[in-house]
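What follows is the residue order along each chain.
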Amino acid sequence: MNISIIGTGYVGLVTGACFAELGNKVHCVDNDKAKINALKKGSIPIYEPGLEELVDKNIKRRRLSFTSSISNGIEKSVVIFIAVGTPSRENGEADLGGIENVARSIAMNMKEYKLIVEKSTVPVETGLWVQRTIQANIKRKIRFDVASNPEFLREGSAISDFMHPDRIVIGVESTKARDILLDLYRPLNASIVVTGIKSAELIKHASNSFLATKISFINAVSQVCERTGADVVKVAEGMGLDKRIGGQFLNAGVGYGGSCFPKDVDAFITISDKLGYNFELLKSVKRINEQQKKFMVKKIKEALWILKNKTIGILGLSFKPNTDDMRCAPSLDIIKELQAEEAKIKAYDPFATKKASLYLTNVQFTNDAYSLARGCDCLVVITEWDEFKELDFLRIKKLLKRPLIIDGRNIYDPNKLKKLGFEYISVGRP
Ligand code: NAD
């Protein structure tokens, strides 16, 4: 099939490369000319395991191409995925300006039937607006369908998530649209939920909000654990083995972040408000998440007392391991609060330093965990990269000014670190 994907970011590029790998001819479109030029030269703008090889392979097979001309992209394909960003506006609602823009361009460049698919995460009823926008801007009487096909891939394992999804959701209002999308996804041999557009849009917001709820729930439980001497890791293990609950997303820590959960929770709250429903549960989920980041700073202050001129070493900056994505990373809020107390910040992240430097000032970035530890008053684990689990702690101890580790992700064994002579503080564990 000939497919165009408008928006070549984390989702658009992975989706494009994977559809190409499945044998389709994919045209990736982006209005960021520098990004498209870089991609044409084989330079991948994001860190995602396996992506560079996949892109390279499919460019060589002439199944994947890049253009900054939306009209070119639209002309070549029957199926057009919209994968542009839908960031939060100041009031929490999703900014759908990019979606409207693309819908208008599609309408103005359409010469024959097109299936326009929302891949971006959007509030319920966006499909209706896409339909109206195309209708209002179309030049001639041409048939088209709008569909919703939300994306569930996770950064860090995006290719495998795309190729082996738990489910694919297809929201359609016509058999033609349904058949095209079923054909496109057939090679994946996955469970497919076919539903209406509004339900498909809601599945995405409800899923992300539910996962965020699990995280805030276990973070709230960790607060009770801290006050009683119970161990949240054991509590989560005991809960998670119940199949009705499941063990994933039950790790207490510094709170969720990233480009999806915070904005999707916000957008779900605001669209619900707009529709006349006060989603109090989600408002609490958001509040607990904010508190959890502040709680981390409080722990650091309680351990170090005065932060002015103390040097704090931050292990991990990206919002989660295996990605360089810094959007809404908890590290940003935590570092800024520590800087407000005039602490000196050193930081190390295996892949996110370059992107982090766009968000942070006055941070001394290092090339590994050992140069990070040198001269620090404490180390704070913010992102649970695998390499942090295997550190040479005796070497780290010699390098630190004070052998203090504050572990915001509970990645270390408290007994082991205490035996090695560290003061060790974690989340919700005695
Ligand atoms: P991104 O910011 O990485 O990429 C968006 C791309 O769209 C950018 O390259 C931007 O230049 C381009 N763009 C914006 N307006 C455009 C326009 N008018 N014409 C052409 N290109 C345009 O965003 P992302 O992380 O890929 O997310 C895209 C959507 O997918 C969002 O709605 C997001 O919520 C959703 N999503 C993201 C993830 C994830 O893990 N990142 C997972 C599932 C769903």
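Residues numbered from 1 in each chain as written. Predicted model: local features only at pLDDT ≥ 70, side-chain atom pairs only at ≥ 80, totals over all residues. Heavy atoms only, no water.

Visitor: What's the story with the side chain of Asp-377 in this structure? I'm lost.
Guide: For Asp-377, the location among the structural elements is in the loop between helix H15 (369-373) and strand E12 (378-381). Ignoring any residue separated from it by four or fewer positions in sequence, one finds Asp-377 in contact with Leu-304, Lys-310, Thr-311, Lys-401, Arg-402 and Leu-404. (Helix = DSSP H or I, 4+ residues; strand = E, 2+ residues; numbered from the N terminus. Contact = heavy atoms within 4.5 Å.)

Visitor: Please clarify how the domain arrangement of the protein should be interpreted in this entry.
Guide: In many reports, interface size means the accessible area that the parts give up when they come together. Each domain of the protein was delimited in the assignment, giving domain 1 (2-195) and domain 2 (230-425). The C-alpha-based centres of domain 1 and domain 2 are spaced at 33 Å. Counting from both sides, the interface comprises 19 residues of domain 1 and, opposite them, 18 residues of domain 2. One can count two salt bridges joining domain 1 with domain 2. In this structure, Lys-274 and Glu-93 form a salt bridge, with 3.3 Å as the shortest nitrogen-oxygen distance. Counting every contact that joins domain 1 to domain 2 gives nine residue pairs in polar contact (both at pLDDT 80 or more). (Domains from an automatic or database assignment. Salt bridge = Lys/Arg side-chain N within 4 Å of Asp/Glu carboxyl O. Polar contact = N/O pair within 3.5 Å; in protein donor to acceptor, adjacent residues only side chain to side chain.)

Visitor: How should the sheet that holds strand E9 (residues 311-315) be read in this particular structure?
Guide: Remark on secondary structure: sheet strands pair via backbone hydrogen bonds, oriented parallel or antiparallel. If you trace the six strands from one edge of the open sheet to the other, you get E11-E10-E9-E12-E13-E14, paired in parallel fashion. The open sheet has two edge strands with one neighbour each: strand E11 (363-365) and strand E14 (423-425). The average undirected angle you get between the axes of adjacent strands in this sheet is 20°. Bridge count for E9 against strand E10 (residues 344-348) is five bridges, and the pairing is parallel. Each residue of the ladder has a partner; that of Thr-311, found in E10, is Lys-344. (Pairing = 2+ DSSP bridges. Axes fitted to C-alpha atoms, helices over the stretch in contact; angles between N-to-C directions.)

Visitor: Teacher, can you tell me more about the pattern of salt bridges here?
Guide: Within this structure, the stated rule accounts for 31 salt bridges. Residue Arg-89 pairs with Glu-93 through a salt bridge whose shortest N-O separation is 2.6 Å. Across the pair Arg-104 and Glu-100 runs a salt bridge, and its minimum N-O distance is 3.1 Å. Linking Arg-104 with Glu-100, this pair stays in helix H5 (residues 97-109), spanning four residues, or about one helical turn. Its relative accessible area of 30% is what places Arg-104 among the partly exposed residues. Among the charged side chains, a salt-bridge network with shared partners connects Arg-89, Glu-93 and Lys-274. (Buried < 20%, exposed > 50% of the residue type's maximum accessible area, 1.4 Å probe, protein only.)

Visitor: So what exactly am I meant to see when it comes to the site of the ligand here?
Guide: Taken together, 25 residues form the shell around the ligand, and within it Asp-30, Lys-35, Thr-86, Glu-155 and Lys-263 come nearest. Glu-155 has a polar side-chain atom sitting 2.7 Å from a nitrogen atom of the ligand. Note that an oxygen atom of the ligand is positioned 2.6 Å from one of the side-chain N or O atoms of Lys-263. Across the complex, the protein chains shield 86% of the 830 Å² of accessible surface that the ligand would expose by itself. Residues from two domains meet in the shell around the ligand; each of domain 1 (2-195) and domain 2 (230-425) gives at least three. (Near = heavy atom within 4 Å. Areas by Shrake-Rupley, 256 points an atom, 1.4 Å probe, with all protein chains shown as cover.)

Visitor: Got a minute to help me understand unusual backbone geometry in this structure?
Guide: Keep in mind that most residues, glycine aside, have a negative phi and that most peptide bonds are trans. Even without being glycine, Arg-62 reaches a positive phi, approximately 60°. Topologically, Arg-62 is positioned in the loop between helix H3 (51-60) and strand E3 (64-67). Here the phi dihedral of Cys-328 falls at roughly 55°; this positive angle occurs in a residue that is not glycine. Summarising the element assignment, Cys-328 is placed in the loop between E9 and helix H13 (330-340). Take Cys-328: its relative accessible area is 45%, and that puts it in the partly exposed class.

Visitor: Explain H3 to me, please; I cannot follow it from the model alone.
Guide: Every α-helix carries 3.6 residues per turn, so stepping three or four residues along brings you back to the same face. If you check which residues of H3 are buried, you get Leu-51, Leu-54, Val-55 and Asn-58. Along H3, the residues classed as buried sweep out an arc of 95° about the axis, all on the same side. Residues Glu-53 and Lys-60 are exposed on H3 and point more than 90 degrees away from its buried face. Positioned one or two residues after H3, Arg-62 has a phi angle of 60°, which is positive. (Arc of directions from axis to C-beta.)

Visitor: How should I be thinking about the nonpolar core in this particular structure?
Guide: Across soluble globular proteins, nonpolar side chains have a tendency to be buried as a group. With 41 residues, the main nonpolar core has Phe-19, Leu-51, Phe-81, Leu-115 and Leu-181 as its most contacted residues. Residue contributions to this core peak at seven residues, all from helix H1 (residues 10-21). In this structure, Leu-115 is in contact with Val-78, Val-79, Ile-80, Asp-145, Val-146, Ala-147, Ala-177, Ile-180 and Leu-181, ignoring residues within four places of it in sequence. Leu-307, Leu-332, Ala-352 and Cys-378 belong to the second largest nonpolar core, which has 29 residues in total. (Core = buried A, V, L, I, M, F, W, Y, C linked by side-chain atoms within 4.5 Å.)

Visitor: What should I look at first to understand the environment of Val-221 in this one?
Guide: By secondary structure assignment, the location of Val-221 is in helix H9 (residues 197-228). For Val-221 and Asp-231, which are 10 residues apart along the polypeptide, the C-alpha to C-alpha distance reads 9.8 Å. Sequence-distant contacts of Val-221, that is, excluding residues within four places in its chain, are made with Val-232 and Val-235.

Visitor: I keep staring at the packing of helix H11 (residues 261-274) against helix H12 (residues 280-304) and nothing clicks. Help me out?
Guide: The description of two packed helices rests on the angle between their axes and on the distance between the axes. With their axes 10 Å apart at the nearest point, H11 and H12 run at an angle of 150° to one another. In terms of orientation, H11 lies roughly antiparallel with respect to H12. Crossing hand, H11 versus H12: left-handed. For the pair formed by H11 and H12, the contact residues are Val-265, Asp-266, Phe-268, Ile-269 and Asp-273 on the first element and Leu-282, Lys-283 and Lys-286 on the second. (Parallel < 35°, antiparallel > 145°, perpendicular 65-115°, else oblique. Left-handed = near helix turned anticlockwise from the far one by under 90°.)

Visitor: I would appreciate a short explanation of the state of the cysteines in the present structure.
Guide: Covalent bonding between the sulfur atoms of two cysteines is what defines a disulfide. For the coordinates displayed, the defined rule picks out zero disulfides. The closest cysteine sulfur to the non-disulfide-bonded Cys-18 is located on Cys-28, 11 Å from its own sulfur. For Cys-18, a relative accessible area of 0% translates into the label buried. (Disulfide = S-S within 2.5 Å.)

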